[in-house]
Amino acid sequence: MSRRALRRLRGEQRGQEPLGPSALQFVLRDDDDAEEEGPKRGPGVRLPGGTGKEGVQVNNRFELINIEDLEDDSVVNGERSDCALTHTVASGNKARAPHGGPDTKRDGDVIKGVSPEQENGLEDIDRILERIEDGSGLSRPGPAPPSSRKHVLHVEHRHLNPDTELKRYFGARAVLGEQRPRQRQRVYPKCTWLTTPKSTWPRYSKPGLSMRLLESKKGLSFFAFEHSEDYQQAQHKFLVAVESMEPNNIVVLLQTSPYHVDSLLQLSDACRFQDDQEMARDLTERALYSMECAFHPLFSLTSGTCRLDYRRPENRSFYLALYKQMSFLEKRGCPRTALEYCKLILSLEPDEDPLCMLLLIDHLALRARNYEYLIRLFQEWEAHRNLSQLPNFAFSVSLAYFLLSQQTDLPQQELSSTREKASTLIQQALIMFPGVLMPLLEYCSVRPDAAVSGHRFFGPDAEISQPPALSQLVSLYLGRSHFLWKEPATINWLEENVRVVLQAVDAGDPAVEACEGRRKMLYQRAPRNIHRHVILSEIKEAVAALPPEVTTQSVMGFDPLPPLDTIYSYIRPERLSPVSHGNTVALFFRSLLPNYAMEGERPEEGVAGGLNQGLNRLMLAVRDMMANFHFNDMEMPREENPEGEGDWD
């Protein structure tokens, strides 16, 4: 934080500080000079990067402006190094520091040798903020009461930047590297939270994408993205390029519209399928940057009170861009940042949950070792969302309690109660979802005991008798989170509770029969958002369990399984292909195109309907062409005893 920012916090302006007898003279010197001269000189200010420089006598206060700019240059990605932060605090309170005190030596971030006379002159930022809050009537910082706790979907800005997490793992020097000089080569119009603009990107110009506030009610604000006429034309060209099934056409479109969101996302998928992960991630980040530059001034990423209706096609691109970026972050080894993106997607429409992020948020919380957040989400949402009826939450929450009980920094009594709670929840999960155990042990390469594998409750019948919708949820959870159970301590704890469940089953516990009835009643058919989530997850086991009504229809990467009640703000213009009556061969090849329409035939309204019709016509044409192929049998001399005929030996 620079001195400029501290003055804003105190409500001061430059030039309004009280002038004292020595206010017009400052001595700028290095720490080496301070140690040599001792207490004969007042507390000096260290020049940024000024090692080996002599002290500078300043008679004009405005000469400090250049030095202050040098201090601001030490900020990298919005964060100042710890040593620069300490220097800022000390220099910001220099006018109140007494002269002639003992020397102050710095060791990293710790200020040593501070006498009581200098305590007021070297107070830290927390004390300054407390004084400001006291003067403004705000409460002082401290443990927040339960009523003032942040929303469970509250997003923190600093956790949206993967560099924050990577710096915690590898250090700032290893993460940033030569990032500072490169970022100054090009100036971008605004600062963003979701991505960091790169110098390799095309120069940004507004592509015609904007956001509008629809209404505000009950503390919620409803927004919607809007397309200008130019952007609509680019969108129509994009749909034509997709129908052509040629990625190069999308590349040509991006040359004229470099920040068209759907083109960037579609080309990102094409690069990912070709194992060019770096380019795929770069294109997704550029799409996010384009959409963030179009945000409404009142749209907030962190409040959890801003809503985007997924039924509007213009809003879906933002959902999909966030999801793809979250997937890249998880693969990059940043589960904490990915969890923040998951909360952001869920906060945009938590009631409908169009991408079904509740099937993923538990996995990211466990990977990020944020067990307390997962437990809090379960406790607050269980009453009205029945999270325990999802296999992933039933097993993940119990695992979170168990892993929390393994921490040694908690009191022994709390550890015991947490372990008991974990055992109770895992037993309930095993009774409700017995078909999870055997596949989970197989994933973990654990051979179960004969008493377990041969029991009717956990045997093969448990997995076969599951409804198809439940089998899909189980396949999704095991394909994504099975490795979290591979620890020996976790397997031993699971084994103990499996034996307890078997005893309850043999004893005729009524909860076993009640859970069986709920399984048959609740999991008859999976909703559309679960199918959409499975398609986006690309987990083979879950994709293989999709029902035929999903697998038989075409799924587009830029809009997988659009809602049936889509709200269109504009429709695609009709495209009637000219029919050539004179050239039969040209007519045949034109009929193979997905966008072919016969004379007098109108394509279905909506992008998905017209494209599906074209793809179905293409498949029928190919099948008809293959069925009409005939090969004339050429007269070949027949052998008396041809190979392959006769009895098998």
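In this text the structure is predicted, and so the values were computed from the model without any measurement.

Scoring rules and cut-offs
Residues numbered from 1 in each chain as written. Predicted model: local features only at pLDDT ≥ 70, side-chain atom pairs only at ≥ 80, totals over all residues. Heavy atoms only, no water. Helix = DSSP H or I, 4+ residues; strand = E, 2+ residues; numbered from the N terminus. Buried < 20%, exposed > 50% of the residue type's maximum accessible area, 1.4 Å probe, protein only. Contact = heavy atoms within 4.5 Å. Areas by Shrake-Rupley, 256 points an atom, 1.4 Å probe, with all protein chains shown as cover. Pairing = 2+ DSSP bridges. Axes fitted to C-alpha atoms, helices over the stretch in contact; angles between N-to-C directions. Core = buried A, V, L, I, M, F, W, Y, C linked by side-chain atoms within 4.5 Å. 1 Å grid on protein atoms, 1.4 Å probe; cavity = no way out; pocket = protein on both sides within 12 Å on 5 of 7 lines; lining within 4 Å. Points joined across faces, edges and corners; volume = space filled by probe spheres on them. Parallel < 35°, antiparallel > 145°, perpendicular 65-115°, else oblique. Left-handed = near helix turned anticlockwise from the far one by under 90°. Phe/Tyr/Trp six-rings, centres within 6.5 Å; stacked < 30°, edge-to-face > 60°. Lys NZ or Arg CZ within 6 Å of the ring centre and 35° of its normal. Salt bridge = Lys/Arg side-chain N within 4 Å of Asp/Glu carboxyl O.

(A) Structural context of the overall build of the protein. Along the protein, the regular secondary structure elements total 29 helices and nine strands. Relative to its 649 residues, the protein shows a buried fraction of 44%. In the protein, of all internal contacts separated by at least 6 residues, the share reaching a separation of at least 24 is 68%. A total of about 36,300 Å² of accessible surface is found on the protein, and carbon and sulfur atoms cover 52% of it.

(B) Summary view of the pairing of strand E7 (residues 209-217). One ladder, built from eight bridges, connects E7 with strand E8 (residues 220-227); its direction is antiparallel. Across the sheet, the residue bridging to Arg212 is Ala224, located in E8. As consecutive antiparallel partners, E7 and E8 are separated by two residues, and within that stretch Lys218 has a phi angle of approximately 55°, a positive value.

(C) Spotlight on unusual backbone geometry. Residue Glu538 is not a glycine yet carries a positive backbone phi of 60°. For Leu561, which is not glycine, the phi torsion reads 45° and is therefore positive. Here Leu561 lies in the loop between helix H27 (548-551) and helix H28 (584-591). Here Leu561 falls in the buried class, since its relative accessible area comes to 3%.

(D) Inspection of the sheet that holds strand E9 (residues 306-308) at higher detail. Taken together, the three strands give an open sheet; going across it, the order is E7-E8-E9, and neighbouring strands pair in mixed fashion. In the strand order of this sheet, the two ends are held by E7 and E9, each with one partner. In this sheet, adjacent strand axes meet at a mean angle of 35° when their direction is disregarded. Sheet strands touched by helix H13 (residues 313-331): E8 and E9. Its angle to E8, the strand with the most contacts, is close to 105°.

(E) Seen up close, the nonpolar core. Among the nonpolar cores identified, the biggest contains 127 residues, and Leu194, Phe299, Phe318, Phe393, Phe395 and Trp485 are the most heavily contacted of them. Every residue in contact with Phe393, bar those within four places of it in the chain, is listed here: Leu358, Ile361, Asp362, Leu374, Leu377, Phe378 and Leu387. Among the nonpolar cores identified, the runner-up in size contains five residues, and Trp201, Tyr259, Tyr289 and Cys293 belong to it.

(F) Here's a closer look at empty space enclosed by the protein. Tallied over the full model, the rule gives two cavities of 30 Å³ or more. Taken together, Leu359, Pro391, Asn392, Leu473, Leu476, Tyr477 and Arg480 form the lining of the second largest cavity. Elements represented by at least two residues in the lining of the second largest cavity include exactly helix H17 (391-405) and helix H22 (468-481). Of all the elements, H22 adds the most residues to the lining of the second largest cavity, at four residues.

(G) Structural view of the packing of helix H10 (residues 247-256) against helix H11 (residues 261-273). In the contact formed by H10 and H11, the axes pass within 10 Å of each other and the chain directions differ by 140°. The angle between H10 and H11 falls in the class oblique. Seen along the crossing, H10 lies across H11 with a hand that is left-handed. The residues of H11 that touch H10, namely those facing Pro247, Ile250, Val251, Leu253 and Leu254, are Ser263, Leu264, Gln266 and Leu267.

(H) Broad picture of the packing of aromatic side chains. Applying the stated criterion to the full structure yields 18 aromatic pairs. Cluster of aromatic residues (ring-pair linked, three or more members): Phe223, Phe225, Phe295, Phe299 and Phe318. Between the NZ or CZ atom of Arg286 and the centre of the ring of Tyr259, over which it lies, the distance is 5.9 Å. The ring of Tyr310 has Arg316 lying over it, and the distance from NZ or CZ to the ring centre is 5.7 Å.

(I) Structural view of the pattern of salt bridges. For the structure shown, the criterion picks out 20 salt bridges. One salt bridge in this structure joins Lys198 and Asp282, with 3.2 Å as the shortest N-O distance. Residue Lys198 is found in the loop between helix H8 (179-183) and E7, and its partner Asp282 is found in helix H12 (residues 277-292); the two are separated by 84 residues along the sequence. Overall, Asp282 belongs to the buried group, its relative accessible area being 12%. Salt-bridge contacts for Asp309 lead to Arg311; the nearest nitrogen and oxygen are separated by 2.8 Å. Residue classification places Arg311 among the partly exposed positions, given a relative accessible area of 33%.

(J) Spatial organisation of the pairing of E8. Of the pairings in the sheet, the one linking E8 to E9 comprises three bridges and is parallel in character. Bridged to Ser221 within E9 is Cys306.

(K) Geometry of the side chain of Lys324. Within the element layout of this structure, Lys324 appears in helix H13. For Lys324, a relative accessible area of 12% translates into the label buried. In contact with Lys324, not counting residues within four places along its chain, are Leu265, Asp269, Thr284 and Gly557.

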